[in-house]
Amino acid sequence: MSDVRHVLVLPDRDAAEEAAEALGERFGVREEPRLVRDALAGEDDAEDAQWLVLLRDAEGRLDPGELDAFAGEWEGWREEP
């Protein structure tokens, strides 16, 4: 078993919450993804923040390309390790 993690970068909290909820339906993800606010150094304005959806894939069964396309539905992307 590997410790594969995926990071989806989304433009706002609403998109991150919707995507995290939809991951279970679309990909059968059982473990709830973590949501993390990621702001640029020195930026306090919420409009400048991105939201990360952190997702474990211990079995390595999630396709990175499909996750990237999925995040694109919310104008986001999958971060390459």
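We now turn to the structure provided with this report. Just so we're clear, the structure is a prediction, and the values are computed from it rather than from any experiment.

How each quantity is defined
Residues numbered from 1 in each chain as written. Predicted model: local features only at pLDDT ≥ 70, side-chain atom pairs only at ≥ 80, totals over all residues. Heavy atoms only, no water. Helix = DSSP H or I, 4+ residues; strand = E, 2+ residues; numbered from the N terminus. Buried < 20%, exposed > 50% of the residue type's maximum accessible area, 1.4 Å probe, protein only. Areas by Shrake-Rupley, 256 points an atom, 1.4 Å probe, with all protein chains shown as cover. Pairing = 2+ DSSP bridges. Axes fitted to C-alpha atoms, helices over the stretch in contact; angles between N-to-C directions. Contact = heavy atoms within 4.5 Å. Parallel < 35°, antiparallel > 145°, perpendicular 65-115°, else oblique. Left-handed = near helix turned anticlockwise from the far one by under 90°. Nonpolar A, V, L, I, M, F, W, Y, C, P; charged D, E, K, R; others polar. Core = buried A, V, L, I, M, F, W, Y, C linked by side-chain atoms within 4.5 Å.

### Some words on the overall build of the chain
Consideration 1: A tally of helices and strands in the chain yields 2 helices and 4 strands.
Consideration 2: For the chain, the sequential pattern of α-helices and β-strands runs β-α-β-β-α-β.
Consideration 3: Burial analysis of the chain (81 residues in total) assigns 33% to the buried set.
Consideration 4: Carbon and sulfur atoms provide 44% of the accessible area of the chain, an area that totals close to 5,400 Å².

### Considering the sheet that holds strand β3 (residues 50-57)
Consideration 1: Strand order across the open sheet formed by 4 strands is β2-β3-β1-β4, with antiparallel pairing between neighbours. This sheet does not close on itself; its edge strands, each paired only once, are β2 (34-38) and β4 (77-79). Across the sheet, the axes of successive neighbouring strands diverge by a mean angle of 35°, strand direction being ignored.
Consideration 2: Strand direction decides the pairing type here: strand β1 (residues 4-10) and β4, joined by 3 bridges, are antiparallel. Its bridge partner being in β4, Val 7 is matched across the sheet by Glu 79.
Consideration 3: Along the sheet, helix α1 (residues 13-27) contacts β1, β2 and β3; its crossing angle with β3, the most-contacted strand, is approximately 20°.

### Description of the packing of α1 against helix α2 (residues 64-72)
Consideration 1: At a closest axis distance of 11 Å, the pairing of α1 and α2 adopts a crossing angle of 135°. Taken together, the axes of α1 and α2 lie oblique to each other. Here α1 runs over α2; the crossing is right-handed. For the pair formed by α1 and α2, the contact residues are Ala 19, Ala 22, Leu 23, Arg 26 and Phe 27 on the first element and Glu 66, Leu 67 and Phe 70 on the second.
Consideration 2: Residue classes in the contact of α1 with α2 are distributed as 6 nonpolar, no polar and 2 charged.

### Some details on the nonpolar core
Consideration 1: Counting residues in hydrophobic clusters, the biggest one holds 18 residues, and the most contacted among them are Leu 10, Leu 23 and Phe 70.
Consideration 2: Among the secondary structure elements, those contributing two or more residues to this core are β1, α1, β3 and α2.
Consideration 3: Here this core takes 7 residues from α1, the largest share from any one element.
Consideration 4: Dropping the residues within four chain positions of it, Leu 23 is found in contact with Leu 8, Gly 28, Val 29, Pro 33, Val 53, Leu 55, Leu 67 and Phe 70.

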